[in-house]
Every structure is written in structure tokens, then in C-alpha cells.
Amino acid sequence: MELQDYSGAVADFNSSLSIQPDYSRALLNRGITKFRLEDYQGALSDLEKAQQSARENKEIIKMLALSYYKTGNKVQAKSYLNKAIAANVKDGDIFLYSGLIAYDEGDFKNAASNLDNAEKAGASSGDIYEKRGLSKFELKDYEGAMADLNRATTAGIDNPTLYAKLGAAHYELKNYSDAKENLNKAISKGDNSQEVYYYLGNAQYRLEDYENAISSYDQAIASGANDELVYNNRGKAKRLLGQVRESITDFDKALQIKPGYQVALGNRGAAKYESSDFSGAIIDLNKIVDAGKAGKIEYLYLGVSKFKTQDYDGALSDLEQAKNLGSTDKLLYYGMGNSQYAKADYEAAIPNLQKAIEAGAGDVETYWHLGEAQYKLEDYTNAAINLQKTVDEGFATATINHNLGHSYNELKNLTRAKKALTNAIKSDGSYGSAFYHRGNTNFRLKSLDEAISDYDAAINNGITNPLVFNNRGKAHQLQENYGVAVADFGKAIEADDEYVRAYQNRGETLYKMGNYEEAIRDLTQVEKLAEEADPDVIYFLAESYYGMEDYRRSLSYYDQTIEAGRKDANTYQHRARALIAVENYADALSDIDLAIKGGIKEASIYIDRSRANLYLGYNRAALEDLNKAIAADESNADAYYNRAYLKELNEDWEGAISDYNKVIKLTPEDAEAYLNLANARVSQGNLGGAVAPINKAIELDGGNASFFKVRGNIYYRLENNAGACEDWNKAKSLGDTKVDYFIRQYCN
């Protein structure tokens, strides 16, 4: 045996044992020799007998362990392998086989440990790496498993199970592309197990290859997979691929297998939300909330679903939870903003709706609600932008067009305002408020007939607020339909007896009608009701008092008008006239100068200044002003009249006669002009020429005693005593008692 002639040695040991069958030494040596000859079955009998007659021997235990393993008796092998290890046998094969048996028995922890020791003891084989890698996989040591399985492939191990577990380890370590590659290798080598297809489906899902993921899950199910996980995951892939209704069927199946499965409930709730089954989504997602498992996504979908089912308080509560859990999703702002809008909390709604739009959740409803909220808060600029966007997207109700038109009207974009309001009326022919606002638009466009027509329609369709009557009255006022205007202002005041603008408008209209007393009544009421003095109101009070010839009171109001800031040329001119009326000619001149500097260059201003100059004795200045008045307006009869008077004062009879003739040409029915012309001709010494104009004066006004008196005087100087006496008596009969002297002196 020492010469390694193991066959010869066995023959010798056989001879020895034929002489003494129980010779333990020979049995041991023959058993060792057969072990070395790899006659493990023969070695077992001799080694067992040798062990019975000998004390525990580590070498015998080792050989028995290895022989039993080699002969396939793994039960006995395991016993002796454990004894060998316990006896501190440091042999790689002992640890290897012990590890392999442990692996086969599913004792992965001992398998991995023994295979580690086998390697430490010098054993090196693909089996070690493969089985240790597979054991580590089962122990969830995925990095260790991946390292060993890669070494196994390098050592030449090439089987589907290895690639299946290597792919699964890559998946667990989130190396999805490597997982996919190895799992496909496993399949290509014949592994059609549900586990391989399940892991492959998961890897493809993570790589967003949803279509192939679904195909892999289908194969897993066809191979016998029937747990909640595979149906849930296939449902997720279908949902992300847009097959939402099909995904719900898979989530239903997952929940049939495992009722109350929270993940599937969440996924089904999300799928129902996406398929607009908001009530169904609420049922599923509430179960997750009740179980205390809800995260920000569940609260997000739950909140938006409640918004969609008009549970706005519930929506806001759940969305606030989603926000507190860190959600910044566009749906968060969409749901919160639209729910706050529905609750009329417009200030809170606006920033959330804006964020929703900025984040990409700007559907037509969101633009609509944002525009409506801004409209309600009178932010007409932004309301117009967002309501116009709503209309441009094809959603345009009568209300939307009404609010859009009103916003444009407030922004003075009158063309767009009228278009939108007209569209509102087309959608709803009884929309009173749309008629009212279009009336305002037409008013601003100076289309007064259209404005009045719209106000009529607004009133006929139920708009009875004081504004509509006031505005219609203003349109009538501008058309000088003063009576109708006053009636409308009265209706406005009946609806609101503190409506300042209506009192002011009625007061101004009454002034224009010459009804100064009633104008003063209304305008005084404005003074009482208004918080601040309105220069226009004070101005019309001044004008009204002037019209009533209460000049001193009118002056008080003109002063207040100017102090309140109305320092226009017209105000100065009108105050000047009041000053002239109270004979304050110097101050009147100052106001007239300010009026002229303010831009008034009309004849009337020069006539006013000529009067003031005349009363102050500045006749030359007065005449110059009248020349300017006539230069400004050659058809102004008053200017010629006054200049004729000044020329008479200067005894410029020809000039006076010329001006009176121009007055008569301009106002041929003016009897006084004919009288003055007659007097001028008398002063000129042209008595015969005076007869014709005085006759015309009497023709125009046969009831004026002075006319007959003047003609009587002319006749007397022409020595027509009969004619003179007749005219003087006529004058007396008309009330002129002063002619008695002439009658007594010249007619009796």
C-alpha cells in the first residue's frame, strides 16, 4: 500500500482477512485502500467494521462521510459529515458536501456557511459558487448572491436556475437592465417558471417597458402564478399604459385573492379616479385612510375625487393632508383651488388655481374658475385674460360671456365688451344683466339709441336696480329728452332714496330745463348725502341760483366751485356774469381775463367784458371788446346792438345806424332794434328816415306804449300834429301817463 499498489494491497488484505475475518487492522487498511481506489461502496463495509472495533478516528469518520456521499446515501453522509465537522476535520470536501446537502434540504444558512468553509479549506468549484450564491439569494443577501453566481458562470456553470436567481438578485438591487438580461437568459435556457416571468415583468415595469411587462406577467400567470402580487403589478402596468379599465379588473382579482390588500386598494382607487369613477375611488381610498396606511398620493386622489363629487369640505380636508405629507403635485392645487372656488372662497382659490395652471393642470374648468374668482373680486384685468382663455378653448356659457364683457367694459375695451355681451344675449335672450352692461358699453361708445334700447331690455327682463334707471336717464339727458330723463332719475331715487348720482343727474337736468328751483332742491340733497363736495354739483347750484337771479348766493357757490378745484374758463366766465349782476365790475374783469386765458375766445366773453368796462367808464375798452366779439362772431346780434349803443354815446350816428341795421338783418323780428334805429336817425336829424323803422317796430309790437310815444314825437317834429296826437293818445291808452303833458300842450 505504501508503494501505492492499491490493487495488490487489497489482495493481501483479503488473504489476511481470510485467515482472520475480524482482524480490525486489516479491515481498516483494506477500507482505506478501497477508498483510495474510489471503491466507496466496498470501503464502507470495511470502515464501518473497523470503526466498531476502534476508538473514534477522525480519518475513518471523514472517509465514511465522503463514501456515503459518493454512494448517494446522503442521510448517513450528513451524519458523518456533521461528526467530521464536529471533530474539527478541516477538509474542503467535507464542508462542500455538507453545504450541498444543506442546500438540498433548504437549510440555506448552513449551506452558505459550510460552502464558505469549503472555500477556506481550499475547495474550489463552480458548485461552491453556484450553491452558495443560490443560498445567499434565499437569505436575501443579494449582493453576495450576485457575486457568487457571477463567479459560477465564470467557472462554467451555465443553467437556467443560475440566471434566474442572478436576474432576481439584480432586480432586488435595482439593477433593472441587468436583471432583465439575466432573466431572459434563464428563459432562453428553458426556465419557464412563474417566478422568472414575474421578476422579468417587474424589471420591465421598472424600465417603463409596460407592454412587455404585461406580456411577462401574462406568462407568469399562465405558468401558475395566482397571487395578489402578480395581478396587482400587471394592473399597474396596464394603468400606466393607459389601459385603465383593464387594470381595474386585475386589481379586482388581486383583492379577491387577498381582501383588504392595501396596495391593490390604492392602485384600484387611483385607476377609478383616472377612469372618472370618483365615487368608486373614494370607497377604495377611504379604506386605506381607515387602515392608517394612506400617504400623500392616496390623500391627493381622494381629495380630488371628493371635489369631483362636490364634497368640497371633504376635498379640502384630504388635500390639506396630502400637502402636509409633502405633496406639491399639480392635482393638489387643482383640487384645492377649484374646491375653494366652489365654496366662494375666492381669495384662497386664486393662488391655488394659478399654481395648478403653472404646473400644467390648466384645463378649461380651471381657467374658468380662476377668471370667475378674479371677476368676483373685481380684478377685471386678470378676469378678462382668463375668461377669454376659457372662451377661446370653446367653453362659453351666457354667464362666462357676461362676466367677460363686464370685465372688458370696466377696462374700457369697449369693442370686446360689446362682442362678449352680445354673445351672452345670443345664448340667453332674457339675460337682463347682459343687456344692462351692454347698455353701459353702448353708452360709452356714444351709441345712445342702442344704450337706451338695451336698458329697456334689461328692465323688461327683471333688472330693477337704481343704476339702470339712472343710466337710461343719463342717455336720455344727453339726447336732450329732459322730461323722460327726469322720470328715470326719479325711478332711481324711488329705488334708493340716498342715490347721490341720481339726485345730481336730475338736478343738472332740471337746470337744463330752466327749472332752477327744483334743480336746487336736488343738488342741495346731493350736498347733504355726499361725503365730499363735488365741484360739478356746486357749479350747477351756482348756475341755478344765477338762473333764479339770486346772484349773491350764486357767487357763494361759484367761489366754492373754484376753491374745490374747478378752475376752468367757463366757471370764471359765469362767476364774472354774477359779479356784473351785483355790480362788482372790477372783480368781474379779473375773472373774464382768466376765462380768456383759459381758452374762451367766443363773442360772449368779449361782450361780458365790454359790459364791465362800460360800467367802469372804460368806454374805449368796451368798444374794443365789442369789436373783438364781432370779429369772433359776425352773426352775433348782441355785439352789434351793444356797439351801436356805445357809438350813440360817442354821437357816432352813422356807426350806430350801421350796427342797428346789422342787428335787424340778423334778427328781423326784433322790434326794439327798429325803435333804436329810428331814434338814431332822429338824433342824426333824419326825421323822415326814422318813420319807416318806427312803423316796423309798431307792426312787430303794437302793444308797446313807448313805440307810439316815439312815433308821436317824430310826427310832431314833422308837423303832423294829427298823427302825433293820435299816437300820444294811443300811448296813453297803453299805460304811458307821461304823454299827458304833450296831449294837453299840443292836442287841445
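Further up the page is the structure itself.
Residues numbered from 1 in each chain as written. Predicted model: local features only at pLDDT ≥ 70, side-chain atom pairs only at ≥ 80, totals over all residues. Heavy atoms only, no water.

Trainee: Any chance you could explain unusual backbone geometry here in plain terms?
Mentor: Apart from glycine, the bulk of residues carry a negative phi angle, and the bulk of peptide bonds sit in the trans form. Positive phi is not limited to glycine here, since glutamate 208 has a value of about 65 degrees. Even without being a glycine, lysine 446 presents a positive backbone phi close to 65 degrees. Looking at the element boundaries, lysine 446 is found in the loop between helix H26 (432-444) and helix H27 (448-460). Of the residues examined, lysine 446 reaches a relative accessible area of 71% and is grouped as exposed. (Helix = DSSP H or I, 4+ residues; strand = E, 2+ residues; numbered from the N terminus. Buried < 20%, exposed > 50% of the residue type's maximum accessible area, 1.4 Å probe, protein only.)

Trainee: Before we go on, may I ask you to explain helix H28 (residues 466-478) in this structure?
Mentor: Every α-helix winds through 3.6 residues per turn, so residues three or four apart in the chain are directed the same way. Counted at 1.5 Å a residue, the expected span for H28 with its 13 residues is 18 Å, and the 18 Å between its end C-alpha atoms agrees. Counting buried positions along H28 yields ten of 13 residues, so the element is predominantly enclosed. Burial in H28 covers these residues: Pro466, Val468, Phe469, Asn470, Asn471, Arg472, Gly473, Ala475, His476 and Gln477. Structurally, H28 contributes buried residues whose contacts are with H26, H27, helix H29 (482-495) and helix H30 (500-512). In this structure asparagine 465 caps H28, since a side-chain oxygen of it lies 2.9 Å from the backbone nitrogen of leucine 467. (Expected span 1.5 Å × (residues − 1). Contact = heavy atoms within 4.5 Å. Polar contact = N/O pair within 3.5 Å; in protein donor to acceptor, adjacent residues only side chain to side chain.)

Trainee: Teacher, can you tell me more about the packing of aromatic side chains here?
Mentor: For any pair of aromatic rings, geometry is given as the distance between the ring centres together with the angle between the planes. What the rule picks out here adds up to 32 aromatic pairs. Centre to centre, the rings of tyrosine 511 and tyrosine 516 are 5.7 Å apart; their planes meet at 50 degrees, and the pair counts as tilted. Looking at tyrosine 516, the relative accessible area reads 24%, which means it is partly exposed. Ring centres of tyrosine 716 and tyrosine 746 lie 4.4 Å apart, and the angle between their planes is 40 degrees; this geometry places the pair in the tilted category. Taken together, the residues span a long stretch of sequence, with tyrosine 716 in helix H42 (residues 705-717) and tyrosine 746 in helix H44 (residues 740-746) at a distance of 30 residues. (Phe/Tyr/Trp six-rings, centres within 6.5 Å; stacked < 30°, edge-to-face > 60°.)

Trainee: How should helix H14 (residues 228-240) be read in this particular structure?
Mentor: Between the first and last C-alpha of H14 there are 18 Å, a value that for 13 residues agrees with the 18 Å anticipated at 1.5 Å per step. Burial runs high along H14: ten of the 13 residues are buried. Listed as buried for H14 are Glu228, Val230, Tyr231, Asn232, Asn233, Arg234, Gly235, Ala237, Lys238 and Arg239. On the buried face of H14, the contacting elements are helix H12 (194-206), helix H13 (210-222), helix H15 (244-257), helix H16 (262-274) and helix H18 (296-308). The N-terminus of H14 is capped by aspartate 227, whose side-chain oxygen sits 3.2 Å from the backbone nitrogen of leucine 229. A positive backbone phi angle near 95 degrees is found at glycine 242, which sits one or two residues after H14.

Trainee: Sorry, what's going on with the nonpolar core here?
Mentor: When a protein is soluble and globular, its nonpolar side chains tend to lie buried together. Core analysis: the largest hydrophobic core is formed by 105 residues, its most contacted members being Leu47 and Val230. Leaving out residues up to four positions away in the same chain, leucine 47 has contacts with Leu28, Gly31, Ile32, Ile60, Met63 and Leu64. Membership of the second largest hydrophobic core comes to 98 residues, among which are Val526, Leu555, Ala576 and Ile596. (Core = buried A, V, L, I, M, F, W, Y, C linked by side-chain atoms within 4.5 Å.)

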